[in-house]
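For reference, the chains in residue letters:
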Amino acid sequence: MSSRIAVFGAGYAGLVTGACFAELGHTVVVRDVVPDKVSALQAGTVPFYEPGLDELLERNGERLRFTLDAADAVEGAGFVFICVDTPPTYAGDADLSRVWTVIEELPPAAERTILVMKSTVPVGTGEKVRSALDARGLDSVGYVSNPEFLAEGTAVRDFLEPDRVVVGAFEEADGEAVEGLHAGLDAPMVRTDVASAEMIKLASNAFLGTRISFINEIANVCELVGADVNDVAKGMGLDQRIGRRYLRPGIGFGGSCFPKDISFLKLLAGNSGYHFQLLNSVIEVNELQKRRVVGKLQKHLDSLRGKTVALLGLAFKANTDDLREAPSIVLASRLLAEGADVRAWDPVADASQVLKGVSFHDSVLEAVSGADAAVIVTEWEELRSLASAEIREAMRNPLIIDGRNLLDPKEVRAAGFTYEGIGRPTSPLDMLPEIDEPAPLSEPSPAREE
Ligand code: UGA
């Protein structure tokens with residue numbers, strides 16, 4: 001059965017949710033408060049990079065509309081999805097001001113309307129919203145928590161082929177109705193109370209972040225004891241109790257969700273009287289991981305003052321132009337503070353407003369020209385062919401620090417580069433000065449003595 005849905009917020013979550021519900025046959029009006037964004041969407045332009053989203057919006061154009069007007073969006077809608085940002089406050093808690101604005105704007109409806117929370121909110125928000133609605137006499141408005149599990153870059157697939165759909169409701173019938181909107185998706189439904197649905201979202205992101213910090217620490221120990229973390233992660237992950245996903249070591253997790261949601265959960269626990277010890281470590285490990293590349297560069301180049309470092313990839317992960325909490329920002333700032341000359345390339349992310357003092361380049365070749373080191377920061381596909389003769393000749397010093405373990409160390413070394421990944425054994429050959437005529441291993445290498 002087709003329903004009429006209003007979606008508040010045309011960010012990643014809101015637009016993907018709106019487009020996917022239209023794909024499932026519902027009629028959707030997406031409302032945003034930014035005039036430029038709404039007019040761009042009305043003209044058929046997606047204001048950010050998300051693979052597959054523009055085709056989906058185009059294909060479902062007949063069932064999808066964009067507006068600035070809250071009353072227009074809500075008119076006749078059986079469901080009002082809240083997909084607005086909940087950024088961290090100065091204290092690290094969730095800023096719910098945009099959520100409350102939507103709720104305050106809700107006009108009284110003749111028919112039953114269900115307010116559906118997709119934004120990530122602290123546990124207990126549903127209870128507060130319910131009380132606020134009741135205080136305004138809006139008891140005909142239902143409330144359901146339906147958290148999103150959309151990862152940027154794969155958000156459309158994550159919506160249409162979800163691992164699960166979580167629906168937490170105060171009223172059984174409201175939960176049933178929201179479940180019904182997902183007819184056509186092949187996914188287990190998890191029906192809970194509102195607080196548990198809110199917690200599922202925070203706990204899921206915090207657990208995934210914990211896995212990443214765990215494997216990053218394993219990687220750091222691997223470096224000291226001569227093991228290869230890629231093999232370790234594979235060997236661990238094939239145990240079905242562990243699983244393979246979210247065990248990729250790297251330069252720390254970023255993005256608008258993991259860092260923020262882990263901090264939300266830590267503070268929520270703290271505000272409720274519980275000290276969430278483990279999450280403190282997850283956060284600290286992640287911060288240190290972003291900085292480890294600096295140490296690796298210093299190991300090979302000594303002082304970084306006056307050295308040129310090319311950062312390849314700036315987005316917090318591949319297939320997105322999002323720079324929020326990107327490790328590249330911390331890394332670039334640290335390198336600049338060490339006196340390095342920082343050059344950067346990214347195929348889609350524009351960091352010119354965020355990173356001052358960095359020079360930006362349109363091609364990888366241009367970015368690495370004259371560089372003393374190239375650092376793979378984001379796992380863009382284009383970088384898989386980095387270890388070419390052309391790149392080696394363009395660099396002043398052919399050193400690659402692979403922050404994502406994207407390349408095959410053997411191939412890169414065979415191509416004449418010095419290579420260092422994350423949690424992978426370093427080769428004694430990497431420390432030798434000449435590639436064509438390696439000095440005998442028994443003799444101390446001049447490069448090592450520098
Ligand atoms: C994340 C979750 O994956 C979504 O389920 C959730 O809905 C979303 O947050 C949200 O709360 O809105 P996202 O932030 O887009 O999605 O990105 P992820 O693909 O999960 O990656 C997060 C970070 O972890 C990235 O910096 C990525 O490079 C890093 N990562 C991921 C690793 O370092 N190792 C891994 O094995 C996996």
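Predicted, not measured: the structure shown is a model, and the values here were computed from it.

Chemist: If you had to explain the site of the ligand to someone new, which residues and values would you point to?
Modeler: Taken together, 19 residues sit near the ligand, with Glu148, Glu152, Lys201, Tyr246 and Lys317 positioned nearest. Residue Glu148 places a side-chain N or O atom 2.6 Å away from an oxygen atom belonging to the ligand. Within the contact set of the ligand, an oxygen atom lies 2.6 Å away from a side-chain nitrogen or oxygen of Lys201. Sorting the residues of the shell around the ligand by element identifies helix H9 (194-225) and helix H11 (258-271) as the ones contributing at least two each. Of all the elements, H9 adds the most residues to the shell around the ligand, at three residues. For the shell around the ligand, the per-class residue count stands at ten nonpolar, two polar and seven charged.

Chemist: How would you sum up the packing of aromatic side chains? Please name residues and give values.
Modeler: On inspection of all chains with the given rule, the structure shows seven aromatic pairs. Ring geometry for Tyr12 versus Phe48: centroids 4.2 Å apart, planes at 35 degrees, classification tilted. Of this pair, Tyr12 sits in helix H1 (residues 12-23) while Phe48 sits in the loop between helix H2 (35-42) and helix H3 (53-59), and the two are 36 residues apart along the sequence. Phe48 sits in the buried class, given a relative accessible area of 14%. Here the aromatic residues Phe21, Phe81 and Phe159 are joined through ring pairs into a cluster of three or more. Here Arg164 stacks its cationic end above the ring of Phe149, 3.6 Å away from the centre of that ring.

Chemist: Please provide a residue-by-residue account of the pairing of strand E7 (residues 165-169), values included.
Modeler: Counting buried residues in E7 gives five out of five residues, a clear majority hidden from the surface. Note: strand E6 (residues 141-145) against E7, two bridges, orientation antiparallel. By the bridge assignment for E7, Ser145 is matched with Gly168. For the segment spanning E7, helix H8 (residues 172-181) and strand E8 (residues 189-192), crossover handedness is right-handed.

Chemist: Give a detailed account of the sheet that holds strand E14 (residues 418-420), specifying residues and quantitative values.
Modeler: Spatially, six strands are ordered E11-E10-E9-E12-E13-E14 in an open sheet, and the strand pairing comes out parallel. Among the strands making up the open sheet, the edge pair consists of strand E11 (359-360) and E14. Relative to E11, strand E10 (residues 341-345) is paired through two bridges, and the arrangement is parallel. The partner of Ala344 across the bridge, within E11, is Phe360. The strands touched by helix H12 (residues 277-301) within the sheet are strand E9 (308-312), strand E12 (373-376), strand E13 (399-402) and E14, with E13 carrying the most contacts at an inclination of about 160 degrees.

Chemist: Give a description of the nonpolar core that names residues and reports values.
Modeler: Judged by nonpolar contacts, the single largest core of 57 residues is most densely connected at Leu297, Leu311, Leu312, Leu335 and Val375. In this structure, Leu53, Val144, Ala155 and Leu185 belong to the second largest nonpolar core, which totals 38 residues.

Chemist: Please provide a residue-by-residue account of the sheet that holds strand E3 (residues 64-67), values included.
Modeler: Read from one edge to the other, the open sheet built from eight strands follows the order E3-E2-E1-E4-E5-E6-E7-E8, with strand pairing classed as mixed. With one partner strand each, in any of the chains shown, E3 and E8 form the two edges of the open sheet. Each strand axis lies, on average, 25 degrees off the axis of its neighbour in the sheet, ignoring direction. As judged from the four bridges shared by strand E2 (residues 27-31) and E3, these two strands associate in the parallel manner.

Chemist: Go over empty space enclosed by the protein with me, naming the residues and quoting the values.
Modeler: Going through the model one piece at a time under the given rule, you end up with one cavity of 30 Å³ or more. When its volume is computed, the largest cavity comes out at roughly 60 Å³. Around the largest cavity, the lining residues are Met117, Lys118, Ser119, Thr120, Val121, Ser145, Pro147, Glu198 and Lys201.

Chemist: How would you explain a nonpolar patch on the surface if you had to name every residue and give the values?
Modeler: Judged by side-chain polarity, Val221, Leu224 and Val225 come together as a nonpolar surface patch covering roughly 340 Å² of accessible area. Residue Leu224 is classed as exposed on the basis of its relative accessible area, which comes to 75%.

Parameters and conventions
Residues numbered from 1 in each chain as written. Predicted model: local features only at pLDDT ≥ 70, side-chain atom pairs only at ≥ 80, totals over all residues. Heavy atoms only, no water. Near = heavy atom within 4 Å. Polar contact = N/O pair within 3.5 Å; in protein donor to acceptor, adjacent residues only side chain to side chain. Helix = DSSP H or I, 4+ residues; strand = E, 2+ residues; numbered from the N terminus. Nonpolar A, V, L, I, M, F, W, Y, C, P; charged D, E, K, R; others polar. Phe/Tyr/Trp six-rings, centres within 6.5 Å; stacked < 30°, edge-to-face > 60°. Buried < 20%, exposed > 50% of the residue type's maximum accessible area, 1.4 Å probe, protein only. Lys NZ or Arg CZ within 6 Å of the ring centre and 35° of its normal. Pairing = 2+ DSSP bridges. Right-handed = clockwise from strand over helix to strand, strands pointing away. Contact = heavy atoms within 4.5 Å. Axes fitted to C-alpha atoms, helices over the stretch in contact; angles between N-to-C directions. Core = buried A, V, L, I, M, F, W, Y, C linked by side-chain atoms within 4.5 Å. 1 Å grid on protein atoms, 1.4 Å probe; cavity = no way out; pocket = protein on both sides within 12 Å on 5 of 7 lines; lining within 4 Å. Points joined across faces, edges and corners; volume = space filled by probe spheres on them. Patch = residues over 30% accessible without salt bridge, like charges linked within 9 Å, V, L, I, M, F, W, Y side chains within 5 Å. Areas by Shrake-Rupley, 256 points an atom, 1.4 Å probe, with all protein chains shown as cover. Salt bridge = Lys/Arg side-chain N within 4 Å of Asp/Glu carboxyl O.

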